[in-house]
Amino acid sequence: MPIAGAADTGGQEFEIMKSDEDWKKELTQQQYAVLRQHGTERAGTSPLDKNYAPGEYRCAACGQPLFSSDTKYDSGSGWPSFWAPLDEAVGTSTDFKLIYPRTEVHCSRCGGHLGHVFEDGPEPTGQRYCMNGVALDFVPKEE
């Protein structure tokens, strides 16, 4: 069954699959544009970019935990950036929307587009998971 608005992952099925109409009912217009239509929010517009409180970043579409604040850093890109996702939280596919191929990152549970990963990040991974803040929900760590 094709996934309406999901990342192009070769027909992969996800644990959470919904119709476009259902996604439109559950997400804001901006979330829908990013998560289901592969959009990109404008750099510097997400309050999550400069959030360094301890906690967890989850998929705004399905609530799956994606990143820990322990791996977040200031990349200077204007988008929330991490050097590693949580185990098995994300999947990737190749995006050819620009002149050169990029590695698109999607939620492994619902297929929602999160952003891209680049190989210009800090140690220990050398990766920069550059995520759209609108695709994430931040859950502060309980004291």
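As a reminder, the structure under discussion sits directly above these lines.
These figures come from a predicted structure and were not determined experimentally. Position numbers for residues start from 1 in each chain and track the written sequence from start to end. Residues qualify for local features only when their pLDDT is at least 70, as the model is predicted, and side-chain atom pairs are given and counted only at 80 or more; totals for whole chains, interfaces and linings, by contrast, use all residues. Where side-chain values are given, they derive from all heavy atoms of the structure, hydrogens and water being excluded.

Asker: Honestly, the overall build of the protein chain in this entry has me stumped. Any pointers?
Answerer: Looking only at helices and strands, the protein chain features two helices and nine strands. Only DSSP runs of H or I covering at least 4 residues are called helices, and only runs of E covering at least 2 are called strands; the numbering of each starts at the N terminus. Start at the N end of the protein chain and walk to the C end: the helices and strands fall as α-α-β-β-β-β-β-β-β-β-β. Going through the 143 residues of the protein chain one by one, you find that 48% of them count as buried. The contact rule is simple, with two residues in contact once any of their heavy atoms fall within 4.5 Å. Restricting to contacts in the protein chain with at least 6 residues of sequence separation, those with at least 24 account for 53%. Methods summary: accessible areas were calculated by the Shrake-Rupley approach with a probe of 1.4 Å, and residue burial reflects only the protein chains presented. Surface accessibility of the protein chain: about 7,600 Å² in total, with carbon and sulfur atoms responsible for 49%. Under the scheme applied here, a residue whose accessible area is under 20% of the maximum for its type counts as buried, over 50% as exposed, and between as partly exposed, the area being computed with a 1.4 Å probe on protein chains only.

Asker: I'm lost on the state of the cysteines in this one. Help?
Answerer: Cysteine pairs can be covalently joined through their sulfur atoms, and such a bond is termed a disulfide. Here, the term disulfide refers to a pair of cysteine sulfur atoms separated by no more than 2.5 Å. Counted by the stated rule, this structure contains zero disulfides. This cysteine, Cys59, is not joined by any disulfide, and Cys110 carries the nearest cysteine sulfur, 3.7 Å off. Overall, the relative accessible area of 1% leaves Cys59 in the buried class.

Asker: Where do I start with the pairing of strand S8 (residues 128–131) in this structure?
Answerer: Every regular strand shows the same layout, with side chains that alternate between the two sheet faces. Both faces of S8 are covered, namely the face carrying Arg128 and Cys130 and the face carrying Tyr129 and Met131. One bridge is not enough; two strands pair if DSSP finds at least two bridges between them. Bridging between strand S4 (residues 81–82) and S8 involves two bridges; their strand directions are antiparallel. Bridge assignment links Ser81 to a residue of S8, and that residue is Cys130. Summarising the sheet, strand S7 (residues 113–118) and S8 pair through four bridges and their orientation is antiparallel. Within the sheet, the bridge partner assigned to His116 lies in S8 and is Cys130.

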